[in-house]
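Structural overview
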Amino acid sequence: FVTDKWVRPTSLCKWQLYNVEDDWINIFTLPYTCTKDTRLQAFQYRILHRILPCNKWLNKLTIIDSDTCNVCDAVDDIEHFLFLCPATRTFWQHLERWWNGLFQSHASLTLKHIIFGIYYDLNYYAEINFIILLAKHYIYIKKHYKQNICFFAFLGILKHKLMIEEYIHKMNNTFSIFEKKWQIIYDAL
């Protein structure tokens, strides 16, 4: 009965151009594997279901008059809001350079990585996905309040989050897990 009534959510159909058809289980579980922060998990859920209040969506609901970006004149859909806007592109380029310098790697953050996360096997899987998710939330907050997006300010937020994580691990006598997972990044901040 359930199989007969199941209908693919329209939001998933709209993501088809990214060829993630077979990866939805990994994509939807990713926020739960990289963070315990329910606010960040819910934020990723809103992105995946295309209900993030960017200007295109708000204009469609007749909440605002224009669907264009507040920074540039492009249509402000989710992809533009989180990645394609010149202000966010610069931010992601800084993050990519910082990450690659830290781990001597050649990782490339694409639009697909930013929207869905990096859900295939690689070193520091949980760490990079947590940082991407936190960065998307940072961009959302800054754009919502019409403030400048600054990579160095984001690093301060990341350090604060890691200090909280460190404290929790110390209180639970699991500091060695924290060290193994975050020490390189924590020391760089």
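Presented here is a report on the structure given in the accompanying data block. (Residues numbered from 1 in each chain as written. Predicted model: local features only at pLDDT ≥ 70, side-chain atom pairs only at ≥ 80, totals over all residues. Heavy atoms only, no water.)

**A look at the pattern of salt bridges**
Heads up, the rule is: Should a side-chain nitrogen of Lys or Arg be within 4 Å of a carboxyl oxygen of Asp or Glu, the pair is scored as a salt bridge. Remark: exposure states derive from per-residue accessible area (1.4 Å probe, protein chains only) relative to the maximum for the residue type, with buried under 20%, exposed over 50%, and partly exposed in between. Each helix is a run of H or I in the DSSP string that is no shorter than four residues. Each strand is a run of E no shorter than two, and both are numbered from the N terminus.
With the rule as written, the count across this model stands at 4 salt bridges. Residue Arg39 is joined to Asp37 by a salt bridge in which the shortest nitrogen-to-oxygen separation is 3.4 Å. A relative accessible area of 44% means that Arg39 is categorised as partly exposed. In this structure, Arg50 engages Glu79 in a salt bridge whose closest nitrogen and oxygen atoms are separated by 3.8 Å. You can see Arg50 sitting in the loop between helix 4 (38–48) and helix 5 (55–60) and its partner Glu79 sitting in helix 6 (residues 78–84), a full 29 residues away along the chain. You can call Glu79 buried: its relative accessible area is 8%.

**Structural notes on the nonpolar core**
For clarity, the threshold we go by: The term nonpolar core refers to a set of buried residues drawn from Ala, Val, Leu, Ile, Met, Phe, Trp, Tyr and Cys, joined through side-chain atoms within 4.5 Å. Contact definition: two residues touch when any of their heavy atoms are within 4.5 Å.
Trp92, Phe116, Ile131, Phe154 and Leu158 are the most contacted members of the largest nonpolar core, which has 51 residues in total. Counting only elements with at least two residues in this core, the list comes to helix 3 (24–34), helix 4, helix 6, helix 7 (86–103), helix 8 (111–116), helix 9 (125–144), helix 10 (151–171) and helix 11 (175–188). Here this core gets 11 residues from one element, more than from any other, and that element is helix 9. Not counting the four nearest positions on each side in its chain, Phe154 is found in contact with Phe91, Leu95, Ile131, Leu134, Ala135 and Tyr138.

**Looking at empty space enclosed by the protein**
Heads up, the rule is: The distinction between a cavity and a pocket rests on a 1 Å grid over the protein atoms alone: a 1.4 Å probe fits inside a cavity but cannot get out, while a pocket stays open yet meets protein on both sides within 12 Å along at least five of seven lines, and a residue with an atom within 4 Å of a point counts as lining. Grid points are joined across faces, edges and corners, and a volume is the space filled by probe spheres set on the points. Nonpolar residues are Ala, Val, Leu, Ile, Met, Phe, Trp, Tyr, Cys and Pro. Charged residues are Asp, Glu, Lys and Arg, and all others, Gly as well, are polar.
On inspection of all chains with the given rule, the structure shows 1 cavity of 30 Å³ or more. The volume enclosed by the largest cavity comes to roughly 60 Å³. Lining the largest cavity are Leu30, Pro31, Cys34, Gln44, Ile114, Phe116, Gly117, Asn129, Ile132, Leu133 and Lys136. At the level of elements, helix 3, helix 8 and helix 9 are the ones that each hand at least two residues to the lining of the largest cavity. Tallied by class, the residues present in the lining of the largest cavity amount to 7 nonpolar, 3 polar and 1 charged.

**So, the packing of helix 4 against helix 9**
Counted only if it meets this: To obtain an axis, a line is fitted to C-alpha atoms, over the contacting stretch when the element is a helix, and the angle between two such axes runs from 0 to 180 degrees between their N-to-C directions. What sets the label is the angle itself: under 35 degrees gives roughly parallel, over 145 gives roughly antiparallel, 65 to 115 gives roughly perpendicular, and the rest give oblique.
Helix 9 packs onto helix 4 with a crossing angle of 75° between their chain directions and a minimal axis gap of 10 Å. When the axis of helix 4 is compared with that of helix 9, the two are roughly perpendicular. From helix 4, Arg39, Leu40, Phe43, Gln44, Arg46 and Ile47 reach across to helix 9, where they touch Phe130, Leu133, Leu134, Lys136, His137 and Tyr140. Classifying every residue of the contact of helix 4 with helix 9 gives 7 nonpolar, 2 polar and 3 charged.

**Digging into unusual backbone geometry**
Backbone geometry at Asn19 places phi at a positive 50°, although glycine is not the residue there. Locating Asn19 in the fold gives a position in the loop between helix 2 (10–14) and helix 3. Among the residues examined, Asn19 registers a relative accessible area of 64% and is labelled exposed. The backbone of Lys146 shows a phi angle near 55°, a positive value even though the residue is not glycine.

**Details of a nonpolar patch on the surface**
For clarity, the cut-off: Each patch is built from salt-bridge-free residues with over 30% relative accessible area, joining like charges within 9 Å and nonpolar side chains (Val, Leu, Ile, Met, Phe, Trp, Tyr) within 5 Å. Note on areas: these come from Shrake-Rupley sampling with a 1.4 Å probe, and a residue is covered only by the protein chains present in the view.
A cluster of nonpolar side chains, namely Ile164, Tyr167, Ile168 and Met171, defines an oily patch on the protein surface of about 420 Å² accessible area. Relative to the assigned elements, Ile168 resides in helix 10. With relative accessibility at 40%, the residue Ile168 sits in the partly exposed group.

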